[in-house]
Amino acid sequence: GAGVSQSPSNKVTEKGKDVELRCDPISGHTALYWYRQSLGQGLEFLIYFQGNSAPDKSGLPSDRFSAERTGGSVSTLTIQRTQQEDSAVYLCASSSMGGAKNIQYFGAGTRLSVL
Amino acid sequence: KNQVEQSPQSLIILEGKNCTLQCNYTVSPFSNLRWYKQDTGRGPVSLTIMTFSENTKSNGRYTATLDADTKQSSLHITASQLSDSASYICVVSAWDMYSGGGADGLTFGKGTHLIIQP
């Protein structure tokens, strides 16, 4: 596609429910990143994929968070048993390859609200 | 601990005026520094990226500078327009020799919220 696409754009859920967030990276981009942006805070790195493998999961805040990527393309971020502190904007980015100089292109994010 | 500090936290200027946003970092080993613009409700968009050897880079009315010795960067906006109203995020990348830089080791600042008034 022309850009990074994320869905849904907004998600409201009840505490304790599971949610699944989807990211469609730019076609051909091998690297994919998930970030979390809380109100008034900088972006918080969650997980990085190179192809289908995730060499860096260091940012996942708890075992309730998981992510997968299939076919080297679409990725889903799953949050189980959501808590109110999970409320944030979840941003996905992709780049043509991993590496310190490659520009990341961001999607518009999914705004998650846990009631 | 790698950190990126931005100032001011927020800024209001009149349309047509210039402004400068600051970024100080303590990231090591340094690989590159990026400035992103994030419009409300949108993802960040890259403005500039500078490596250790580059001390200035322009993108239209945006000019970024980098002083790798003092670990400071600035983003100067010339002749501001209403569309410049956004958050500007400074991002510093640490070179990760073990992963080949794959995870980028990015540290994000909290951003400067800029409002351009007519």
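Numbering of residues begins from 1 in every chain and follows the order in which that chain's sequence is written. As a convention, the first chain written is A and the first ligand written is 1, with the rest following in written order. Totals for whole chains, interfaces and linings use every residue, but because this is a predicted model, local features are given only for residues with pLDDT of at least 70 and side-chain atom pairs only at 80 or more, for both listing and counting. For side-chain calculations, the full set of non-hydrogen atoms in the structure is used, while hydrogens and water are omitted.

1. Structural notes on the confidence of the model for chain B
Right, on to step 1. pLDDT expresses, on a scale from 0 to 100, how confident the predictor is about each individual residue. Averaged over every residue, the pLDDT of chain B is 89; the share at 70 or more is 92%.
Right, on to step 2. Across chain B, strand β8 (residues 72–77) of chain B holds the top mean pLDDT of 98, while strand β10 (residues 106–108) of chain B sits lowest at 84. We count a stretch as a helix when DSSP gives it H or I for four or more residues in a row; a strand needs E for two or more, and each element gets its number in order from the N terminus.

2. What to know about the side chain of A:Arg64
Residue and element names in this part refer to chain A.
Right, on to step 1. In this structure, Arg64 sits in the loop between β6 (53–56) and β7 (65–69).
Right, on to step 2. Any pair of N or O atoms that falls within 3.5 Å is considered a polar contact. Within protein, one atom must be able to donate a hydrogen and the other to accept it, and sequence-neighbouring residues count only if both atoms are side-chain atoms. At 3.2 Å, the side chain of Arg64 forms a polar contact with the backbone oxygen of Arg81.
Right, on to step 3. Setting aside residues up to four positions removed in sequence, Arg64 forms contacts with Thr78, Ile79, Gln80, Arg81, Thr82, Gln83 and Asp86. Every residue pair with non-hydrogen atoms within 4.5 Å of one another is taken to be in contact.

3. Examining the sheet that holds strand β6 (residues 56–59) of chain B
Residues and elements named next belong to chain B.
Right, on to step 1. Think of it this way: DSSP has to see at least two bridges between two strands before they count as a pair. The five strands lie next to each other as β1-β3-β8-β7-β6, forming an open sheet whose pairing is antiparallel. With partners counted over all chains shown, the strands left at the sheet margins are β1 (3–7) and β6, one partner each. Strand-to-strand twist of the sheet, defined as the mean angle between neighbouring strand axes without regard to direction, takes the value 15 degrees.
Right, on to step 2. Across six bridges, strand β7 (residues 62–67) lies against β8 in antiparallel orientation. Considered in β8, the bridge of Asp67 is made with Gln72. The convention used is that axes are lines fitted to C-alpha atoms, helices contributing only their stretch in contact, and that angles between N-to-C directions extend from 0 to 180 degrees.

4. Section: the packing of aromatic side chains
Right, on to step 1. Here a pair means two rings of Phe, Tyr or Trp (six-membered ring of Trp) with centres within 6.5 Å. Their orientation is stacked below 30 degrees between planes, edge-to-face above 60, and tilted elsewhere. By the definition in use, this model includes eight aromatic pairs over all chains.
Right, on to step 2. Each ring, one from A:Tyr35 and one from B:Phe108, has its centre 5.0 Å from the other, and the planes form 70 degrees; the classification is edge-to-face. Of the two residues, A:Tyr35 is situated in strand β4 (residues 31–37) and B:Phe108 in strand β10; the pairing between them involves two chains. B:Phe108 carries the same exposure label as A:Tyr35, and that label is buried.
Right, on to step 3. Through successive ring pairs, a cluster of aromatic residues spans A:Tyr33, A:Tyr35, A:Phe45, A:Tyr48, A:Phe106, B:Tyr36 and B:Phe108.
Right, on to step 4. Definition used: whenever NZ (Lys) or CZ (Arg) falls within 6 Å of the ring centre and also within 35 degrees of the ring normal, the charge is taken to sit over that ring. Note that B:Arg61 overlies the ring of B:Tyr62, its terminal NZ or CZ placed 5.8 Å from the centroid. Accessible area is worked out with a 1.4 Å probe on protein chains only. A residue is then buried under 20% of its type maximum, exposed over 50%, and partly exposed in between.

5. Notes on the state of the cysteines
Right, on to step 1. Here, two cysteine sulfur atoms that lie within 2.5 Å of each other are counted as a disulfide. A complete count under the given rule lists two disulfides over all chains for this structure.
Right, on to step 2. Bridging A:Cys23 to A:Cys92, the disulfide has an S-S length of 1.9 Å. Between A:Cys23 and A:Cys92, the S-S torsion sits near -65 degrees, and that sign places the bridge as left-handed. A residue pair is termed long-range when its members are at least 10 positions apart, and A:Cys23 in strand β3 (residues 19–24) and A:Cys92 in strand β9 (residues 88–95) qualify at 69 residues. This pair shows no difference in class: A:Cys23 is buried, exactly as A:Cys92 is.
Right, on to step 3. Cysteine B:Cys19 shares no disulfide, and the gap to the nearest cysteine sulfur, in B:Cys90, comes to 15 Å.

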